[in-house]
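One letter stands for each residue in the lines below.
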Amino acid sequence: MSVYTVVDEPQLIEFLKDYEVGSLKSFEGISAGIENTNYFVDTSLNGETKRFVLTIFEHHSFEELPYFLDIMAFMAEHQIPTAHPIQTLSNGYLKELYGKPAALVERLTGSGVEDPSEIQCGVMGEQLARFHQAGAGFESKRTNDRDLQWMQATFKQIEAFLPDDEKQMITQELAFQSTIDWAHLPQGVIHADLFCDNALFDGDQLSGIIDLYYACNSTFLYDLAVMVNDWCRLHSEQPLEIHFDQAKVEAMVSAYQKQRPLTDAEQKAWPAALRLAALRFFLSRLKDLHIPREGEMTQIKDPKVFKRVLAIHQQSV
């Protein structure tokens, strides 16, 4: 959620005329995250302050975005705590701003967690399972654009920038992952990016799952692994000091299984799923580091974190 497109007040006022949200009070760029341009937007309607998030999509086309906005609305309407997009007066949830697709969504209460508790990990395990179950009723389909093929292509893009140990590590992992048959495992709608900063909490109460712009139809187990790799490690500024809190892992996975028990095949594939999830974010962070995009406010996250996470999972096999 960086700022690549700078919004000015007259343009935003004109943009908001297509919504029943009242008049603009204030807006502020959001620096957290790395993919799209995001602003907090406050309006006044009948004397009441309304709070929203404006997202300008920097990579997605107008054609592919209805899937994300529709899944957000669907989940919110099926008691999964997600931010509901705001309907325009003219046509659906999507509009153009500065020549790019843009959407206004409700701003949820709460804040992200930097060091989640066992209780919060359990809450997220349960909610992810509910998310997966609810998605069975969602009819639209979208393939995972961060799948193994993307990982292979990304490695080719950045290989020349990498030291020998990283080249070897990634080459070996890609070879291993190509031997895994993911297609036979249970699949459906997944979030695909449910990190700590993509969930909002009020204390131990989950108030919202946000940033569904990687959502797709893929393997449930991979989605759980993505979450475990972020929520259940002991966060440290020093990658070599990173390790996993097994009590948090157990809290998250057991809570998930109370809602949707893992199959025997999923349990067997669990170590490979943890490795795949680590590889995906190791590669994306390496790409952001070595082939950065320009933005007014940007945040490039340290790839060494997921280098260490991948190493931990490789060594535990």
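Everything discussed here concerns the structure shown above.
Read on for a plain summary of the structure. Since this is a predicted model, take the numbers as computed values, not measurements. (Residues numbered from 1 in each chain as written. Predicted model: local features only at pLDDT ≥ 70, side-chain atom pairs only at ≥ 80, totals over all residues. Heavy atoms only, no water.)

Considerations on the overall build of the protein
Argument step 1. Within the protein, the secondary structure is distributed over nine helices and 11 strands.
Argument step 2. Taken against the 2.2 N^0.38 rule, which gives 20 Å for 317 residues, the C-alpha radius of gyration of the protein at 20 Å falls within 12% of a compact globule.
Argument step 3. Counting the 317 residues in the protein, one finds 54% classified as buried.
Argument step 4. Within the protein, counting contacts between residues at least 6 apart in sequence, those at least 24 apart form 73% of the total.
Argument step 5. Within the protein, the 46 negative side-chain charges are centred at a point lying 3 Å from the centre of the 27 positive side-chain charges. (Helix = DSSP H or I, 4+ residues; strand = E, 2+ residues; numbered from the N terminus. Rg over C-alpha atoms; globule rule 2.2 N^0.38 Å. Buried < 20%, exposed > 50% of the residue type's maximum accessible area, 1.4 Å probe, protein only. Contact = heavy atoms within 4.5 Å. Lys, Arg positive; Asp, Glu negative; His and termini not counted. Charge placed at Lys NZ, Arg CZ, Asp CG, Glu CD.)

Overview of the nonpolar core
Argument step 1. M124, I170, L224, V228, W231, M252 and W270 are the most contacted members of the largest nonpolar core, which totals 91 residues.
Argument step 2. No other element matches helix α8 (residues 264-290), which puts 13 residues into this core.
Argument step 3. For V228, the residues in contact, after removing those within four places along its chain, are R233, F244, V249, M252, V253, W270 and L274.
Argument step 4. Judged by nonpolar contacts, the second largest core, of 15 residues, contains V7, L12, L97 and L104. (Core = buried A, V, L, I, M, F, W, Y, C linked by side-chain atoms within 4.5 Å.)

So, the packing of aromatic side chains
Argument step 1. Under the definition given, this model contains 11 aromatic pairs.
Argument step 2. Pairing F195 with F306 gives two aromatic rings, centres 5.7 Å apart and planes at 40°, and the pair type is tilted. With a gap of 111 residues between them, F195 in the loop between β6 (187-190) and β7 (199-202) and F306 in helix α9 (residues 303-315) connect regions that are remote in the sequence.
Argument step 3. On the basis of relative accessible area, F195 is assigned to the buried category, the value being 5%.
Argument step 4. Overall, the relative accessible area of 0% leaves F306 in the buried class.
Argument step 5. Linked through ring pairs, F57, Y67, F68, F74, F138 and Y213 together constitute an aromatic cluster.
Argument step 6. Across the ring face of F40, the terminal group of R107 is positioned such that the distance to the ring centre comes to 3.6 Å. (Phe/Tyr/Trp six-rings, centres within 6.5 Å; stacked < 30°, edge-to-face > 60°. Lys NZ or Arg CZ within 6 Å of the ring centre and 35° of its normal.)

Here's the deal with the environment of L94
Argument step 1. By the secondary structure assignment, L94 is in the loop between α2 (65-77) and β4 (95-97).
Argument step 2. Overall, the relative accessible area of 16% leaves L94 in the buried class.
Argument step 3. Between the C-alpha atom of L94 and that of F52, which follows or precedes it by 42 residues, the distance is 15 Å.
Argument step 4. With residues near it in sequence (within four places) discarded, L94 still touches F57, F62, L65, P66, L69, T88, P101 and A102.

Notes on the packing of helix α5 (residues 164-177) against α9
Argument step 1. Between α5 and α9, whose axes approach to 12 Å, the crossing angle comes to 50°. On the basis of the axis angle, α5 is oblique to α9. Crossing angle aside, the handedness with which α5 passes α9 is left-handed. Between α5 and α9, the residues in contact are D165, E166, M169 and E173 and K307, L310, A311 and Q314, respectively.
Argument step 2. Residue composition of the contact of α5 with α9, grouped by class: three nonpolar, one polar and four charged. (Axes fitted to C-alpha atoms, helices over the stretch in contact; angles between N-to-C directions. Parallel < 35°, antiparallel > 145°, perpendicular 65-115°, else oblique. Left-handed = near helix turned anticlockwise from the far one by under 90°. Nonpolar A, V, L, I, M, F, W, Y, C, P; charged D, E, K, R; others polar.)

So, helix α4 (residues 148-158)
Argument step 1. Of all the residues in α4, the buried ones are W150, M151, T154, F155 and I158. All buried residues of α4 lie within an arc of 135° about the axis, which places them on one face of the element. Relative to its buried face, α4 has exposed residues pointing more than 90 degrees away, namely Q149 and K156.
Argument step 2. Of the surrounding elements, those touching the buried residues of α4 are α5 and α8. (Arc of directions from axis to C-beta.)

Considering the sheet that holds strand β5 (residues 100-106)
Argument step 1. Pairing is antiparallel across the open sheet formed by five strands, whose spatial order is β1-β2-β3-β5-β4. Each edge of the open sheet carries a strand with a single partner, namely β1 (23-29) and β4. On average, adjacent strands in this sheet sit at an angle of 35° to one another, irrespective of strand direction.
Argument step 2. In terms of strand pairing, strand β2 (residues 37-45) meets strand β3 (residues 48-56) through nine bridges, oriented antiparallel. Within the sheet, the bridge partner assigned to V41 lies in β3 and is F52. (Pairing = 2+ DSSP bridges.)

Overview of the pattern of salt bridges
Argument step 1. Under the defined criterion, the tally for this structure stands at 14 salt bridges.
Argument step 2. The partner of D42 in a salt bridge is R51, with the nearest N and O atoms 3.2 Å apart.
Argument step 3. Classification of R51 as partly exposed rests on a relative accessible area of 44%.
Argument step 4. Connected through salt bridges with shared partners, the residues R142, D145 and R146 form a single ionic network. (Salt bridge = Lys/Arg side-chain N within 4 Å of Asp/Glu carboxyl O.)

Focus on unusual backbone geometry
Argument step 1. Non-glycine residue Q79 carries a positive phi angle of around 65°.
Argument step 2. With respect to the helices, strands and loops of the structure, Q79 is situated in the loop between α2 and β4.
Argument step 3. Q79 gets classed as exposed once you look at its relative accessible area, which sits at 60%.
Argument step 4. At A192, a residue that is not glycine, the phi angle is positive and equals roughly 75°.
Argument step 5. As for its placement among the helices and strands, A192 is situated in the loop between β6 and β7.
Argument step 6. A relative accessible area of 4% means that A192 is categorised as buried.

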